[in-house]
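Descriptive structure summary
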Amino acid sequence: MPSALIGILFDGIAYAMILYIISVGLSVTMGLMGFANLAHGAFAMAGGYLLVTLMAALGLPFLASLPIVFVVVALGSIVFERLLYVRLYRAGELDQVLFTIGLIFMAIAATTFIYGPLPQAVRLPAYLMGQVDLGFRSFPTYRSFLIVIGAVLILALWLGLERTRLGAQVRAAVDNRRMAESLGINVGRLFTTTFALGSGLAGLGGALGADILAPTPSYPLEHIVYFLIVVSVGGLGSIRGPFVAALLLGVMDTAGKYYVPDFGAFFIYVAMMGLLLWRPHGLFGRA
Amino acid sequence: MATPLHPIDQLGAWHRIRPLELLPWVLAVGYYFLPNSNLPLGTEILTWALFTLSLDLVLGYTGIVSLGHAAFFGIGAYAAGLVARWLGWTEPITALIFAGAVSGVAGVISGLIVLRTHGLTLLMLTMAVAVMLKELANKLGWLTGGADGLQGIVIDPIFGQFRFDMFGRTTYWYALAVLFLAWIVARRIVHSPFGRSLVGIRENATRMSAIGSPVMLRMVTVYAISAAMAGVAGALLAQTTRYVTVNVLSLEYSGDVLIMLVLGGMGRLYGAFAGSAVFLVLRDELSKLSPYYWSFGIGLLLVATVLFARGGLLGIVDTLWDRIKRWRA
């Protein structure tokens, strides 16, 4: 395989990991509650900014900051869910879209007010800079780290969904909410838990990927299209679908930027339209 | 209690223009004669009111949620801008009609494709059409001017008589006249049997097809009409500002027009006028203070509208009016 192709695949997979970690929570939110949460990217942005603040203001190391980011964003999202989102579960999707667009605008204003309009740079630790030599070729350490962390998280997520009680309840509720409720599963509380987990993951993804997608106030608006592509192409409520979609998107986007820098994004939108017209419920979605 | 009208008589009654419906026009004409009127802002409001009115046909009356209506606004803007810049087609009125026609055709094509889907997929597809076109306009820089925008648009005097002066007097009247004509068309549409069938589709598409209404045909038709109207609005922007940027196709514009409609009130024609005026005046005022105020304010307003005032501003007016009537009775 030519060296450029390996490089593209590698960068594409690292990018896909970030896209997946951020978007998987959105897929579950939409599949479980049918809630079109366009403001999901704001949680990812919050993760990125929180990381910058923890490292710069408190002097915490990069790795120690990551779990804190996850926990803080997850807990913070519960407040939003209980206070605001809960009022709109039974509303139509137009109301949900407008409401979450409103939240995006407020998040952008608040972030600009606190951090200023410029993108924040994350200072990566020295051990994540440079290259790691795998014998036949060397790879950038930061991206290798992303792929390893991403793989571990995905494995944990899948095992959790297949093997734990919470995972079984989520699967049951996505399949048939009324039936799950009749069996005594408290879907409301289940949803709060998965919402928090999904938002926490988005925050973690935003922090992990802060060197690729730099935290800037317009983050939630700028990247929402890609997060939504991952979810809609993957299929709502699916855990595996968004992973496949993220891989496709990550590799295509990286390849597009390399080979056809002028029309990269254009082809992605064409591909997405074709895919959604062929399978309106996504690759792994159910009708 | 009054006896209910026969459906045909009801449509006829709606057709007759009530005095209150002339209020926006009186205000618009009156604004021109104010001593300190800001005519460029006024023209902007009239242009966006036309764009919002076009979205009302699709979203307010038919219930099609689109996150990419700027696609048609942008197509119209570029159609009018490009023919004036490159082909020397500088006569404004025929160029406006041409731009509307181009957008209408685009509406038919994209409507046939995207209106097969619902929910999130429909949102994604409408959004994709717009971002795709934006990407294209951005990359065809030799034609469109790319990120720098299309400059050097020359527009002839209207009817060969009225030049576009630097104070924006002609553009104000021009935009007002175009909006007025579009309002008459939109009014006829929504108060026609066709318009009633659109409301039927909004309320229950399955039942509409069960009683024999060709739902898909109706939706594509109104989508194309709305696209043409949005295209005329875009062309109006290109002609009155003599400048087109790729922003006309952006997600922000699609979002702005959606917000204006919801703020004013959907499915009532005049919500488009109220919403665009309030939105643009607020933006003008708040942005002077600080850009955060505007962004935060509009977000808060949107959240509050969804939570507490689903009918928008005109919905609030309706509720107050009903209360006053009941209180008097």
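Residues numbered from 1 in each chain as written. Chains lettered and ligands numbered in written order. Predicted model: local features only at pLDDT ≥ 70, side-chain atom pairs only at ≥ 80, totals over all residues. Heavy atoms only, no water.

1. Thoughts on the overall build of chain B
When you go through chain B residue by residue, the secondary structure sums to 15 helices and zero strands. A globule of 329 residues ought to have a C-alpha radius of gyration of about 20 Å, and chain B, at 20 Å, matches this closely. Its C-alpha atoms give chain B principal-axis dimensions of roughly 65 × 50 × 45 Å. When the 329 residues of chain B are sorted by exposure, 52% land in the buried category. As presented, chain B carries roughly 15400 Å² of accessible surface, and 67% of it is formed by carbon and sulfur atoms. Treating the 23 positive side-chain charges of chain B as one cloud and the 16 negative ones as another, the clouds have centres 8 Å apart. (Helix = DSSP H or I, 4+ residues; strand = E, 2+ residues; numbered from the N terminus. Rg over C-alpha atoms; globule rule 2.2 N^0.38 Å. Buried < 20%, exposed > 50% of the residue type's maximum accessible area, 1.4 Å probe, protein only. Areas by Shrake-Rupley, 256 points an atom, 1.4 Å probe, with all protein chains shown as cover. Lys, Arg positive; Asp, Glu negative; His and termini not counted. Charge placed at Lys NZ, Arg CZ, Asp CG, Glu CD.)

2. Some thoughts on the overall build of chain A
Across its full length, chain A holds twelve helices and two strands. For chain A, whose C-alpha radius of gyration is 19 Å, the value lies close to the compact-globule estimate of 19 Å for 287 residues. Across its three principal directions, the C-alpha atoms of chain A cover 55 × 45 × 35 Å. Counting only residues that meet the buried cut, chain A has 55% of its 287 residues in that class. Excluding contacts between residues fewer than 6 apart, the proportion of contacts in chain A whose partners are at least 24 apart in sequence is 76%. When the accessible surface of chain A is split by element, carbon and sulfur atoms take 68% of a total near 12600 Å². (Contact = heavy atoms within 4.5 Å.)

3. A word on the confidence of the model for chain B
Any residue range with low pLDDT should be treated as having predicted coordinates unsuitable for detailed reading. Mean pLDDT over chain B stands at 89; residues scoring 70 or higher make up 99%. Among the scores for the predicted complex, ipTM is 0.85 and pTM is 0.89. (pLDDT = per-residue confidence, 0-100.)

4. Focus: the nonpolar core
Counting 200 residues, the largest nonpolar core has Leu51, Tyr226, Leu228 and Ile229 of chain A together with Leu50 of chain B as the members making the most contacts within it. For this core, the element with the highest residue contribution is helix 1 (residues 3–33) of chain A, accounting for 17 residues. Other than its neighbours up to four places away in sequence, leucine 228 of chain A contacts Leu26, Met30 and Leu38 of chain A together with Leu120, Met124 and Met127 of chain B. (Core = buried A, V, L, I, M, F, W, Y, C linked by side-chain atoms within 4.5 Å.)

5. Notes on the interface of chain A and chain B
On the side of chain B, 37 residues touch chain A, which itself brings 39 residues to the contact. Approximately 3500 Å² of surface area, both sides summed, lies buried where chain A meets chain B, with 86% of it carried by carbon and sulfur atoms. Of all residues in chain A, Leu98, Met106 and Met273 of chain A bury the most surface against chain B, accounting for 17% of the area lost on that side. Scanning the region where chain A abuts chain B turns up one salt bridge. Put simply, arginine 310 of chain B and aspartate 95 of chain A hold a salt bridge, and the shortest N to O gap is 2.7 Å. If you look at where chain A meets chain B, you find three residue pairs in polar contact (both at pLDDT 80 or more). (Buried area = accessible area lost by both parts, 1.4 Å probe. Salt bridge = Lys/Arg side-chain N within 4 Å of Asp/Glu carboxyl O. Polar contact = N/O pair within 3.5 Å; in protein donor to acceptor, adjacent residues only side chain to side chain.)

6. Some remarks on the packing of aromatic side chains
All names here are of chain B. According to the stated counting rule, one finds 35 aromatic pairs over all chains in the structure shown. Centroid distance phenylalanine 51 to phenylalanine 73: 4.3 Å. Interplanar angle 15°. Geometry classified as stacked. Placement of phenylalanine 51 in helix 3 (residues 39–61) and of phenylalanine 73 in helix 4 (residues 70–86) is noted, with a sequence separation of 22 residues between them. The exposure class of phenylalanine 51 is buried, given its relative accessible area of 0%. (Phe/Tyr/Trp six-rings, centres within 6.5 Å; stacked < 30°, edge-to-face > 60°.)

7. Digging into helix 2 (residues 40–57) of chain A
Taking 1.5 Å per residue, 18 residues should reach 26 Å; helix 2 of chain A reaches 26 Å between its end C-alpha atoms and fits that length. One or two positions beyond helix 2 of chain A, positive phi appears at glycine 59 of chain A, with a value near 70°. (Expected span 1.5 Å × (residues − 1).)

8. Some words on helix 11 (residues 240–259) of chain A
Compared with the 28 Å implied by 1.5 Å per residue over 20 residues, the 29 Å span of helix 11 of chain A between its first and last C-alpha is a close match. All buried positions along helix 11 of chain A are accounted for by Gly241, Pro242, Phe243, Ala245, Ala246, Leu249, Gly250, Asp253, Thr254, Ala255 and Gly256 of chain A.

9. Brief notes about the pattern of salt bridges
Taken as a whole, this structure holds 15 salt bridges over all chains when the rule is applied. Between glutamate 81 of chain A and arginine 82 of chain A there is a salt bridge; the shortest N-O distance is 3.0 Å. Taking the relative accessible area as the measure of exposure, glutamate 81 of chain A reaches 0% and is therefore buried. For arginine 82 of chain A, a relative accessible area of 44% corresponds to the partly exposed category. The partner of aspartate 256 of chain B in a salt bridge is arginine 283 of chain B, and the shortest N-O contact between them spans 3.6 Å. In this pair, aspartate 256 of chain B sits in helix 12 (residues 251–264) while arginine 283 of chain B sits in helix 13 (residues 270–289), placing the two residues 27 residues apart along the sequence.

10. A word on the confidence of the model for chain A
For chain A, the average pLDDT comes to 88, and 99% of its residues sit at 70 or higher. Model confidence for chain A, summarised as mean pLDDT per element, is weakest for strand 1 (residues 131–133) of chain A at 81 and strongest for helix 3 (residues 62–83) of chain A at 94.

11. Here's the deal with the environment of alanine 128 of chain B
Along the chain, alanine 128 of chain B falls in helix 6 (residues 119–139). Residue classification places alanine 128 of chain B among the buried residues on the basis of a relative accessible area of 1%. In this structure, the C-alpha to C-alpha distance between alanine 128 of chain B and asparagine 36 of chain B, residues 92 residues apart in sequence, is 42 Å. Leave out the neighbours within four places in its chain, and alanine 128 of chain B touches Tyr269, Met272 and Met273 of chain A.

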